[in-house]
Amino acid sequence: MEGKTIQSIQRAIDIMNCFNEEVHELSLKEISEKVGLSKSTVHGIVSTLLKNSYLEQSEKNSNYSLGPAFIEKSFIVNEDVLIKNVGHKYLVNISEEFSVTINLFIFKREHLKLVDRVQSDSMYYTISTSVTKIPLNASASGKLALAYSKDVNIDVIFNKDLLYKYTNSTIIDRETLIEEIYKIRRDGYSLEKSEVELGIYCISVPIFKVNNEFVGTASIMATREKMMHILPHLAPKMVAMSKKISFELGAREEF
């Protein structure tokens, strides 16, 4: 048997249901007309939804759209699918422009889980495993985790002796690694230069979600020659992609 409907809650739901795949943004007047309520009544409900991040307001034209609270809740449902759906179009653009294979990962407990890959016809190096533990001090994605994740830090890897030396280029010195992290935060991307495998370079950018929480990485591996050739143009495109994906996932401030 159906229970009693709370009018104020139903009105809030009606307002949120005004937005769909075709209608992303509405003015207060348009919302008022769609739900058949006065602007003053709608304004009160909208203000409450804004305060709780279920709506957000454009600084450009003061219109309203669905807010990051929906993104945060959707992560609970299926994080992998959400990140893949948001990021795929950006991966395609990078892959086609630079003829590279690009991977999108979720980061959890020092492991990367592959959620999407856009394959290039080129024969450049790619990661083939779907879930793998990453060397935090050596890999491009691992250094991003050190720079941005709340779950790992330099003190942990030094105290627990989690440093692994793969090649002569692997960073195992504390001060050098700290300098590398500062550089990553300044540049917005991480570069791996023969630190895990000789002759293999990797560029990786961070992905953030609601509350600017580090959630994953997007990475490209290539031979040293290929990477050095495309890096000046690739790096800014990767950083821009990182910001666009993160914004769509609910991140709202400078990282």
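Use the structure listed above.
All of these numbers come straight from a predicted model, not from anything done at the bench. (Residues numbered from 1 in each chain as written. Predicted model: local features only at pLDDT ≥ 70, side-chain atom pairs only at ≥ 80, totals over all residues. Heavy atoms only, no water.)

1. Considerations on the packing of helix 2 (residues 28-35) against helix 3 (residues 39-51)
What describes two packed helices is the angle between their axes and the distance between those same axes. For the record, the criterion: Between N-to-C directions, angles span 0 to 180 degrees; the directions come from axes that are lines fitted to C-alpha atoms, helices contributing only their stretch in contact. Numbering of helices and strands starts at the N terminus; helices are DSSP runs of H or I of at least 4 residues and strands are runs of E of at least 2. Throughout, the term roughly parallel applies to angles under 35 degrees, roughly antiparallel to angles over 145, roughly perpendicular to angles from 65 to 115, and oblique to all others. Here, residues are in contact when the closest pair of their heavy atoms is within 4.5 Å. Classification convention: Asp, Glu, Lys, Arg as charged; Ala, Val, Leu, Ile, Met, Phe, Trp, Tyr, Cys, Pro as nonpolar; all other residues, Gly among them, as polar.
Taken N-terminus to C-terminus, the directions of helix 2 and helix 3 make an angle of 105°; their axes are 9 Å apart at the nearest point. The angle between the axes of helix 2 and helix 3 places the two elements in the roughly perpendicular class. Packed against helix 2, whose contacting residues are L28, I31, S32 and V35, the element helix 3 presents K39, V42, H43 and V46 at the interface. Class assignment of the residues belonging to the contact of helix 2 with helix 3 gives a composition of five nonpolar, two polar and one charged.

2. Describing the pairing of strand 7 (residues 200-209)
Worth spelling out the cut-off: Between buried and exposed lies partly exposed: a residue is buried under 20% and exposed over 50% of the maximum accessible area for its type, with that area taken using a 1.4 Å probe on protein chains only. Pairing between two strands is assigned when DSSP locates at least 2 bridges connecting them.
Here strand 7 lies mainly inside the structure; ten of its ten residues are buried. Of the pairings in the sheet, the one linking strand 6 (residues 190-193) to strand 7 comprises four bridges and is antiparallel in character. By the bridge assignment, S190 is partnered in strand 7 with S204. What sits between the antiparallel neighbours strand 6 and strand 7 is a turn of six residues, in which S194 has the positive phi angle 55°. Note: strand 7 against strand 8 (residues 213-223), ten bridges, orientation antiparallel. By the bridge assignment for strand 8, C202 is matched with M221. Linkage of strand 7 to strand 8, two consecutive antiparallel strands, is achieved through a turn of three residues, within which N211 is found at a positive phi near 65°.

3. So, a nonpolar patch on the surface
Quick reminder of the rule: Patch construction takes residues with relative accessible area above 30% that form no salt bridge. Like charges are linked within 9 Å, and nonpolar side chains (Val, Leu, Ile, Met, Phe, Trp, Tyr) are linked within 5 Å. Residue exposure ignores everything except the shown protein chains as possible cover, and the areas themselves are Shrake-Rupley values with a 1.4 Å probe. We define a salt bridge as a side-chain nitrogen of Lys or Arg found within 4 Å of a carboxyl oxygen belonging to Asp or Glu.
On the surface, I6, I9 and I13 cluster together into a nonpolar patch covering about 250 Å² of accessible area. If you trace the backbone, I6 turns up in the segment before helix 1 (7-16).

4. Re the pattern of salt bridges
Overall, the coordinates contain nine salt bridges when judged by the stated rule. A salt bridge links E248 to K89; the shortest N-O distance between them is 3.4 Å. In this pair, E248 sits in helix 8 (residues 224-248) while K89 sits in helix 4 (residues 68-98), placing the two residues 159 residues apart along the sequence. Of the charged contacts in the structure, one is a salt bridge between K143 and E195, with a shortest N-O distance of 2.9 Å.

5. Quick look at the environment of L91
Among the secondary structure elements, L91 is positioned in helix 4. As a C-alpha pair, L91 and F70 span 21 residues in sequence and 24 Å in three-dimensional space. Non-local contacts of L91, meaning those with residues more than four positions away in its chain, are made with I102, N103, L104, D116, V118, M241 and I245.

6. Re helix 8
Within an α-helix, residues lying three or four positions from one another point in the same direction, as the helix has 3.6 residues per turn. As a reminder, the rule being used: Given a residue, its bend is the angle between the two axes fitted to the seven residues that end at it and to the seven that start from it.
The sharpest bend along helix 8 reaches about 70° and sits at L231, with the proline P232 one to four residues further on. Looking only at helix 8, the buried set comprises K226, M227, I230, L231, L234, A235, M238, V239, M241, S242, I245 and S246.

7. Overview of helix 2
Cut-off, in case you're wondering: The directions considered for the arc run from the helix axis to the C-beta atoms.
Where helix 2 is concerned, the buried positions are L28, I31, S32 and V35. Summarising the axial view, the buried residues of helix 2 lie within an arc of 100°, below the 170-degree limit, and thus occupy one face. In helix 2, those exposed residues whose orientation departs by more than 90 degrees from the buried face are K29 and E33. Against the buried residues of helix 2 lie helix 1, helix 3 and strand 2 (64-66). At the C-terminal side of helix 2, G36 shows a positive phi close to 70°.

8. Let's talk about unusual backbone geometry
Backbone geometry places S53, a non-glycine residue, at a positive phi of 70°. Here S53 shows up in the loop between helix 3 and strand 1 (55-57). The class of S53 is partly exposed, set by a relative accessible area of 30%. The phi dihedral of S99 is positive, around 55°, even though this residue is not glycine. Mapped onto the elements, S99 comes out in the loop between helix 4 and strand 3 (102-108).

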